[in-house]
Amino acid sequence: MWWDGAVRPDGPSLTARVVAANRATLERPAAPTGDPAADERLCAALAEGYEGDYKDVSRWVAARTRFFDAEVRDALAWGVPQVVILGAGYDGRALRFRTPGVRFFEVDHPNTQGDKRARLEALPADVEGIAFVAHDLSAGGLDGALADAGHTADRPTLFLAEGLLRYLPEPTVHELFAVAAERSAPGSVFALTLSTREADAVVTDSQRAEESFLADLGEDVLTVPSRATGLRWLDAAGWTVTDVEDVDTGQTVPGESRLLVRATPTP
Ligand SMILES: C[S@@+](CC[C@H](N)C(=O)[O-])C[C@H]1O[C@@H](n2cnc3c(N)ncnc32)[C@H](O)[C@@H]1O
């Protein structure tokens, strides 16, 4: 297998690598001042040897890539000065959409971010305009980590949380929603993916096997609320949900969904 010997529970995220490998095949927009070639080289390096031997996430990754790219493009068009990418993994949007005057903050666990930074250095890629925040979200302290990295709460921010929340303990999801809301000046936007599962969903053996495989790699699936609960958590943290898209991934079972959600701070 592609990942044999390459991943350990204390190593970089396998799921982040699978997403990057899938992104390598997509046609994508970029900012006029961005460096899409660096992002493409990063994805291509991560895709080396990958033959879709994990599970078919291509439809899900294509849909969410389109959604998050559009959110970044829209935000840059109206002049957002800060983009915070939570659980950034190997997301190369900070390169692809680099724009003078815009600060990108990439927050990820040190194990994955260390590997990404080494890969960017090896490419090499210019990381001007990117603040790397090596932070284990489950340890708490996101507010301080962002403040220390230079994020300011009095200017608008585009927050992204793509493919992240289900790997966090529930209290960490609440903290993340609350901190993002508290650090969101008017005009800010929160774009996120939300995996949901209703109480009566029939979880298949292959899903159980996948989740136990991920747990062995240190990427346990920890938080999958029902749709109503997940959206209520956002509301309670100070977010007004403006759009919800239900993606047909070709993988979900009845009672489960993969949502693309856009929210703005509740005035
Ligand atoms: C499925 S990957 C998605 C990566 C990226 N957002 C993307 O879509 O390409 C999940 C990411 O969440 C990060 N992550 C998971 N648990 C974390 C934690 N406790 N603290 C920080 N990052 C975490 C992983 O390191 C990984 O990069």
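For the structure itself, consult the block above.
A short tour of the structure in this document, coming up.

Here is what the cut-offs are and how they apply
Residues numbered from 1 in each chain as written. Predicted model: local features only at pLDDT ≥ 70, side-chain atom pairs only at ≥ 80, totals over all residues. Heavy atoms only, no water. Salt bridge = Lys/Arg side-chain N within 4 Å of Asp/Glu carboxyl O. Helix = DSSP H or I, 4+ residues; strand = E, 2+ residues; numbered from the N terminus. Buried < 20%, exposed > 50% of the residue type's maximum accessible area, 1.4 Å probe, protein only. Contact = heavy atoms within 4.5 Å. Core = buried A, V, L, I, M, F, W, Y, C linked by side-chain atoms within 4.5 Å. Near = heavy atom within 4 Å. Polar contact = N/O pair within 3.5 Å; in protein donor to acceptor, adjacent residues only side chain to side chain. Areas by Shrake-Rupley, 256 points an atom, 1.4 Å probe, with all protein chains shown as cover. Pairing = 2+ DSSP bridges. Axes fitted to C-alpha atoms, helices over the stretch in contact; angles between N-to-C directions. Expected span 1.5 Å × (residues − 1). Arc of directions from axis to C-beta.

**Structural notes on the pattern of salt bridges**
Oppositely charged side chains may form a pair once their charged atoms are brought near each other. This model, assessed by the stated rule, comprises 18 salt bridges. With a closest N to O distance of 2.8 Å, Asp143 and Arg183 form a salt bridge. In this pair, Asp143 is assigned in helix 6 (residues 142-148) and Arg183 in the loop between helix 7 (170-182) and strand 5 (189-197), connecting sequence segments 40 residues apart. Its relative accessible area of 8% is what places Arg183 among the buried residues.

**Overview of the environment of Val221**
Looking at the element boundaries, Val221 is found in the loop between helix 8 (205-216) and helix 9 (227-237). Spatially, the C-alpha atom of Val221 lies 14 Å from that of Ala16, the residues being 205 residues apart in sequence. Look past the residues within four positions of Val221 in its chain and what remains in contact with it is Arg166, Tyr167, Glu211 and Leu214.

**Observations concerning the environment of Arg64**
Summarising the element assignment, Arg64 is placed in helix 3 (residues 58-77). Residue classification places Arg64 among the buried positions, given a relative accessible area of 7%. Separated by 164 residues in the primary sequence, Arg64 and Ala228 have C-alpha atoms spaced 21 Å apart.

**Structural notes on the nonpolar core**
Counting residues in each nonpolar core, the largest one holds 34 residues, and the members touching the most others are Val83, Phe104, Leu158 and Leu160. At the level of elements, helix 1 (14-23), helix 2 (36-47), helix 3, strand 1 (82-86), helix 4 (93-96), strand 3 (130-134), strand 4 (157-161) and strand 5 are the ones that each hand at least two residues to this core. Ranked by residues supplied to this core, first place goes to helix 3 with 7 residues. Leave out the neighbours within four places in its chain, and Leu158 touches Glu71, Val72, Ala75, Val80, Gln82, Val83, Val84 and Val189. Judged by nonpolar contacts, the second largest core, of 30 residues, contains Leu168, Leu176, Phe190 and Leu259.

**Considering the site of the ligand**
Close contacts around the ligand come from 21 residues, with Gly87, Asp108, Asp136, Leu137 and Glu162 the closest. The separation between an oxygen atom of the ligand and a polar side-chain atom of Asp108 is 2.6 Å. In this structure, Thr112 approaches the ligand through a side-chain N or O atom, which is 3.2 Å from an oxygen atom. Against a free-state accessible area of 590 Å², the protein chains account for coverage of 93% of the ligand. Of all the elements, helix 1 adds the most residues to the shell around the ligand, at 4 residues.

**Some details on the sheet that holds strand 5**
Remark on secondary structure: sheet strands pair via backbone hydrogen bonds, oriented parallel or antiparallel. With respect to topology, 7 strands assemble into an open sheet ordered 3-2-1-4-5-7-6, the strand pairing being mixed. The open sheet terminates on both sides in strands that have one partner only, identified here as strand 3 and strand 6 (239-247). Between one strand and the next, the sheet's axes are offset by a mean angle of 20 degrees, whatever the strand orientation. Where strand 2 (residues 103-108) lies against strand 3, 5 bridges are found, and the strand directions are parallel. What sits directly across from Glu106, in strand 3, is Phe132.

**Overview of helix 8**
Think of an α-helix as turning once every 3.6 residues; residues three or four places apart then point the same way. With 12 residues, helix 8 extends 16 Å between its outermost C-alpha atoms, agreeing within 8% with the 16 Å of an ideal straight helix rising 1.5 Å per residue. Listed as buried for helix 8 are Gln207, Glu210, Glu211 and Leu214. Along the axis of helix 8, the buried positions cluster into a sector of 95 degrees, meaning they face one direction only. The outward face of helix 8, more than 90 degrees from its buried face, is lined by the exposed residues Asp205, Arg208 and Asp216. At the C-terminal side of helix 8, Gly218 shows a positive phi close to 85 degrees.

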